[in-house]
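Per-entry structural report
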Amino acid sequence: MKLVMTIVSNSDAENVLAAAAQNGYFTTKVSTTGQFLVDGHTAILIGCEDDRVEKLYDILKKNVKKRVVKSPGVQSTLSGSLLNQPVDVEEHGAVAFTIDVENFLKF
């Protein structure tokens, strides 16, 4: 058994959750924020059998998209610095971590 922890943009979270449910995956949604990008993110925890992980990756790929977002510049103490200008940053559609699960118990 595996635990796939994926972090997706809030813009894609509902699509991922709906597609996962339609394909028989059980999910847990956890709201999160990142340090760098201003947009909110959602962590989605999905437990599944080893042989279903690749299908889950396909579902993720189909339901998230890369986008370019404006991010605030680096904070600086220099007066008039260009560092405070917003910059374009490519935001990936999702990040997934797959973890081996030793025990899975329901109480």
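What you are looking at is a predicted structure, and each value in this text was computed from that prediction instead of being measured.

**Section: the packing of helix α1 (residues 10-22) against helix α2 (residues 53-63)**
Here α1 crosses α2 at 145°, and the two axes come no closer than 9 Å. Considering only the axes of α1 and α2, their crossing is right-handed. For the pair formed by α1 and α2, the contact residues are Asp-12, Asn-15, Val-16, Ala-19 and Ala-20 on the first element and Ile-59, Leu-60 and Asn-63 on the second. Residue classes in the contact of α1 with α2 are distributed as five nonpolar, two polar and one charged.

**Some points on α2**
Turning to α2, its buried residues are Val-53, Leu-56, Ile-59 and Leu-60. Burial along α2 is one-sided: seen end-on, the buried residues are contained in an arc of 110°. Seen from the buried face of α2, the exposed residues on the opposite side, beyond 90 degrees, are Glu-54, Lys-61 and Lys-62. In this structure, the buried side of α2 is in contact with β1 (2-9), α1, β3 (41-48) and β6 (94-100).

**Concerning α1**
Each turn of an α-helix holds 3.6 residues, which means side chains three or four residues apart point in the same direction. For α1, spanning 13 residues, the distance from its first C-alpha to its last is 19 Å, which sits close to the expected 18 Å at 1.5 Å a residue. Three or more residues of α1 are buried, namely Asp-12, Ala-13, Val-16, Leu-17, Ala-19 and Ala-20. The first or second residue beyond α1 is Gly-24, which carries a positive phi of 85°.

**Here's the deal with the packing of aromatic side chains**
Applying the stated rule across the entire model yields zero aromatic pairs. Sitting above the plane of the Tyr-25 ring, Arg-52 keeps its charged end 4.0 Å from the centroid.

**Points about the nonpolar core**
Counting residues in hydrophobic clusters, the biggest one holds 16 residues, and the most contacted among them are Val-8, Val-16, Tyr-25, Ile-44, Ile-46, Cys-48 and Leu-56. Among the elements of the structure, β1, α1, β3 and α2 are those that each provide at least two residues to this core. Counting residues per element, this core draws most heavily on α1, at five residues. Apart from residues no more than four positions distant in its own chain, Val-16 is found in contact with Val-8, Ile-44, Leu-60, Asn-63 and Val-64.

Criteria and cut-off values
- Residues numbered from 1 in each chain as written.
- Predicted model: local features only at pLDDT ≥ 70, side-chain atom pairs only at ≥ 80, totals over all residues.
- Heavy atoms only, no water.
- Axes fitted to C-alpha atoms, helices over the stretch in contact; angles between N-to-C directions.
- Helix = DSSP H or I, 4+ residues; strand = E, 2+ residues; numbered from the N terminus.
- Left-handed = near helix turned anticlockwise from the far one by under 90°.
- Contact = heavy atoms within 4.5 Å.
- Nonpolar A, V, L, I, M, F, W, Y, C, P; charged D, E, K, R; others polar.
- Buried < 20%, exposed > 50% of the residue type's maximum accessible area, 1.4 Å probe, protein only.
- Arc of directions from axis to C-beta.
- Expected span 1.5 Å × (residues − 1).
- Phe/Tyr/Trp six-rings, centres within 6.5 Å; stacked < 30°, edge-to-face > 60°.
- Lys NZ or Arg CZ within 6 Å of the ring centre and 35° of its normal.
- Core = buried A, V, L, I, M, F, W, Y, C linked by side-chain atoms within 4.5 Å.

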